[in-house]
Amino acid sequence: MAAEFDLVVIGSGPGGYVAAIRASQLGLKVAIVERENLGGICLNWGCIPTKALLKSGEKFESLSHLKEYGLSASGASFDFDAIIQRSRGVAATMNKGVAYLMKKNKIEVIEGSATLEKGAAAPKVVVALKAGGTRAIEAKTVMLAVGARARALPQIGLEADGDKIWAYRDALAPKKLPKTFVVIGSGAIGIEFASFYRALGAEVTVVEAVDRIMPVEDEEVSKAAQKSFEKRGIKFKVGAKVTKVSKDSKGVKVAVEVNGNAETLEAEVCISAVGITANTDGIGLEALGVELDRGHIKTDSHCQTNVKGLYAIGDCAGAPWLAHKASHEGIHAAEHIAAYKTPNVHSPIAGCTYAQPQVASVGITEQGARAEKREVKIGRFPFRVNGKAVAAGEIDGFVKVIFDAQTGALIGAHMIGHEVTEMIQGYVTAITMEATEEDIHGIVYPHPTMSEAMHEAALDAYGRVIHI
Ligand SMILES: Cc1cc2nc3c(=O)[nH]c(=O)nc-3n(C[C@H](O)[C@H](O)[C@H](O)COP(=O)(O)OP(=O)(O)OC[C@H]3O[C@@H](n4cnc5c(N)ncnc54)[C@H](O)[C@@H]3O)c2cc1C
């Protein structure tokens, strides 16, 4: 059978749909298979709807600070269903946007669930169509962009039931607002849900197995984040190993062990945010001999698997489990398939948490640099002495930068505070362009902006800070 398509992409998340568009731009005949919603987890059940919820929470919480700005209003309240509906509406808008982009780029969308079998140039894609029946497709190349789902830990009773134990989908579209939560896991997803539900007045306790929250972040940021969240009333149990999650008529009981002592936390609802499991089971990878590493597909630097004609990108191909990493890999893989000469740019992947306060980071942490025995120069600048932050009443947080002492290269940046997720891109650009302290010191930052703190932190690393 002659190949019907140059490329079939399986999965239409930010990895798959972006790869499909790029491949089509490069002249390939492309199809995309999706079993659920165009846009994947990111647009429908991840990045975007969480930010919509967080924005509602942030706006509501800001009403209790009106006095600080010389304002007052009475009778502030919220309609929980309307908040959820707004978030679902935002997701639906994004989903429609992807459908439009598929049409515009002449990408055939095939609705159904795909499995792989042995094929000619690449594995054959067999789709169990949503409309009924199956469709077998031969393509010159196949790209797996099948993403991941919430991880369950059935051995300790941590399995979402949509009622008392929630995974992210339940937490994004609940039928009612519980008064008390235990959130298990203090990564970005756990912290964002804790931040949102706390903003609406719920009692929230976050349990973290490691001895500090947000363990991938720089230690100083973890510490500052915990302090800020505690000020907002979120409680934390760190160094707490969850041993059992059980349900009764009232809610959930989460048994934890802290320093060898057993404790039980009770709440109406437990949100499980303990990581993800790649969607690599049940699609025929074993029979094809596709190499996996702890459930994730192993790939080379061009996102090729060990099977001829088969690529894998995004969450299903390993960490970091972030939308922009998935899209970046999608573009790179599409360009490799089309034999387009991709410029040799190595951009680091920033991580962002959109809680109040926000946290954003890129590159190495201070403890990571010390573990590698790198000689470093570190600078810090607090927002409390930044004019724009003072004017805006957003003085919590700071910027911390790490330079390689030998070369002067910027190798890490860590920020906590208002809208730092918008600012981190400045440092991503700097690291990508291999900027040194001299380059950054020479940049003119607009005034007044919170980004001036990024300049000052870099100056501070070399004893040149102006405003402290
Ligand atoms: C609550 C939450 C918040 C998040 N917030 C952020 C954030 O702020 N920033 C960020 O960068 N990342 C965030 N993420 C992570 C981000 O959503 C993922 O990294 C991203 O979606 C991965 O993209 P992907 O294309 O690899 O896969 P996905 O987006 O998971 O898409 C995979 C698609 O493949 C489809 N599929 C799977 N198997 C098959 C099959 N056999 N046949 C057909 N279709 C199939 C699925 O239905 C799905 O639509 C968040 C995740 C969650 C859960």
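The rules behind each value
Within each chain, residues carry numbers counting from 1 in the order of the written sequence. A pLDDT threshold of at least 70 governs which residues receive local features in this predicted model, and a stricter bar of 80 or more applies before side-chain atom pairs are shown or counted, although totals over entire chains, interfaces and linings include all residues. Side-chain numbers come from the whole structure's heavy atoms, not from hydrogens or water. Domain ranges listed in this record stem from an automatic or a database domain assignment. It only takes one pair of heavy atoms within 4.5 Å for two residues to be counted as in contact. Values labelled buried area give the accessible surface lost by two parts on being combined, using a 1.4 Å probe and summing over both. A side-chain nitrogen of Lys or Arg and a carboxyl oxygen of Asp or Glu constitute a salt bridge if their distance falls within 4 Å. For this classification, the nonpolar set comprises Ala, Val, Leu, Ile, Met, Phe, Trp, Tyr, Cys and Pro, the charged set comprises Asp, Glu, Lys and Arg, and every other residue, Gly included, is treated as polar. Each helix is a run of H or I in the DSSP string that is no shorter than four residues. Each strand is a run of E no shorter than two, and both are numbered from the N terminus. Here the expected span of a helix is defined as 1.5 Å times the quantity of residues minus one. Here a residue is considered near a molecule or strand provided that any single heavy atom belonging to it is located within 4 Å of it. Any pair of N or O atoms that falls within 3.5 Å is considered a polar contact. Within protein, one atom must be able to donate a hydrogen and the other to accept it, and sequence-neighbouring residues count only if both atoms are side-chain atoms. UniProt positions are given in the numbering used here, feature names are shortened, and annotations may be inferred rather than shown by experiment. Remark: nonpolar core denotes a set of buried residues (Ala, Val, Leu, Ile, Met, Phe, Trp, Tyr, Cys) joined through side-chain atoms within 4.5 Å. Think of it in three bands: with a 1.4 Å probe and only protein chains considered, a residue is buried below 20% of the maximum accessible area for its type, exposed above 50%, and partly exposed in between. Two strands qualify as a pair provided that DSSP identifies no fewer than 2 bridges between them. Helix axes use the C-alpha atoms of the stretch in contact, all axes being lines fitted to C-alpha atoms, and the angles between their N-to-C directions lie in the range 0 to 180 degrees.

**Let's talk about the domain arrangement of the protein chain**
It is common to give the size of an interface as the accessible area lost on bringing the parts into contact. By domain assignment, the protein chain separates into domain 1 (5–149 + 277–337), domain 2 (154–274) and domain 3 (357–460). Here the C-alpha centroids of domain 2 and domain 3 sit 30 Å apart. Taken residue by residue, the interface counts 13 residues in domain 2 and 13 residues in domain 3. For the pair domain 2 and domain 3, the two sides together bury roughly 1000 Å², of which 54% comes from carbon and sulfur. The largest per-residue losses of area from domain 2 upon contact with domain 3 belong to D218, E220 and V221, which jointly make up 48% of the total buried on that side. Joining domain 2 to domain 3, the criterion identifies four salt bridges. With a shortest N-O distance of 2.6 Å, K400 and E220 are connected by a salt bridge. Split by residue class, the side of domain 2 that touches domain 3 holds six nonpolar, one polar and six charged.

**Quick look at helix α3 (residues 47–62)**
Relative to the 22 Å expected for 16 residues at 1.5 Å per residue, α3 spans 22 Å between its end C-alpha atoms, a close match to the ideal helical length. Where α3 is buried, its residues meet α2 (40–45), α4 (80–104), α5 (168–172) and α6 (188–199).

**Some points on the site of the ligand**
Taken together, 38 residues lie near the ligand, and G15, E34, A114, D315 and A323 sit nearest. A distance of 3.3 Å is found between an oxygen atom of the ligand and a backbone nitrogen or oxygen belonging to W321. Between L322 and the ligand, the recorded distance is 3.2 Å, taken from a backbone N or O atom to an oxygen atom. Contributing elements (two or more residues each) for the shell around the ligand: β2 (30–34), α2, α3, β3 (108–117) and α9 (323–337). A per-element tally of the shell around the ligand places α2 first, with four residues. Of the residues assigned to the shell around the ligand, the class counts are 19 nonpolar, 14 polar and five charged.

**Here we look at the side chain of Q226**
Mapped onto the secondary structure, Q226 falls in helix α7 (residues 219–231). Excluding residues within four positions of it along the chain, Q226 makes contact with I213, F236 and V238.

**Concerning unusual backbone geometry**
With an omega of -10°, the peptide bond running from A319 to P320 counts as cis. Structurally, P320 can be placed in the loop between β19 (310–312) and α9. Note the cis peptide between H447 and P448, where omega equals -10°. Inspection of the secondary structure puts P448 in the loop between α13 (437–442) and α14 (452–460). Of note, the phi angle at N259 is positive, near 50°, even though the residue is not glycine. For N259, the location among the structural elements is in the loop between β13 (252–258) and β14 (261–267).

**Focus: the UniProt feature "binding site: NAD(+)" (unreviewed entry) in the protein chain**
When the UniProt feature table is mapped onto this chain, "binding site: NAD(+)" (unreviewed entry) is found at G185, S186, G187, A188, I189, G190, I191, E192, E208 and G275. A stretch of 91 residues holds the annotated residues, and the largest C-alpha distance among them is 14.2 Å, short enough that they meet in one place. Turning to its location among the elements, G190 is positioned in helix α6. When neighbours within four sequence positions are excluded, G190 is seen to be in contact with V183, G185 and A273. Within the secondary structure layout, G275 lies in the loop between β15 (269–272) and β16 (276–278). Each residue touching G275, except ones within four places of it in the same chain, is listed here: R149, A150 and R151.

**Description of the nonpolar core**
Counting 35 residues, the largest nonpolar core has F181, F196, Y197, V204, F229 and I271 as the members making the most contacts within it. Sort the elements by how many residues they give to this core and α6 lands first, with five residues. Among residues more than four places away in sequence, those in contact with F181 are W166, Y197, A202, E203, V204, T205, A267, V269 and I271. With 30 residues, the next largest nonpolar core counts A350, F381, I431 and A435 among its residues.

**Brief notes about the sheet that holds strand β20 (residues 351–353)**
Each strand in a sheet pairs with another by means of backbone hydrogen bonds, the pair being arranged parallel or else antiparallel. What the five strands build is an open sheet, ordered β20-β21-β24-β23-β22; its pairing is antiparallel. Where the open sheet ends on each side, the last strands, each with one partner, are β20 and β22 (376–382). Each strand axis lies, on average, 10° off the axis of its neighbour in the sheet, ignoring direction. Where β22 lies against strand β23 (residues 397–404), seven bridges are found, and the strand directions are antiparallel.

**A word on the environment of Q367**
Within the secondary structure layout, Q367 lies in helix α10 (residues 366–371). Using a relative accessible area of 24% as the deciding quantity, one classes Q367 as partly exposed. Expressed as a C-alpha distance, the spacing of Q367 and E219, which sit 148 residues apart in the sequence, is 7.5 Å. For Q367, the contacting residues outside a window of four places in its chain are R212, E217, D218 and E219.

**Structural notes on the sheet that holds β3**
Ordered by their spatial adjacency, seven strands build an open sheet running β5-β4-β3-β2-β1-β6-β19, and the pairing between neighbours is mixed. Across the chains shown, the open sheet's two edge strands, defined by having one partner strand only, are β5 (134–137) and β19. Across the sheet, the mean angle from the axis of one strand to that of its neighbour is 35°, orientation sign disregarded. Two strands pair when backbone bridges link them, and strand β6 (residues 139–144) and β19 are joined in this way by three bridges, in the parallel orientation. Looking at β19, one finds that V142 is bridged to L310. Helix-sheet contacts for α9 involve β1 (5–10), β6 and β19, and the interaxial angle to β6 is about 165°.

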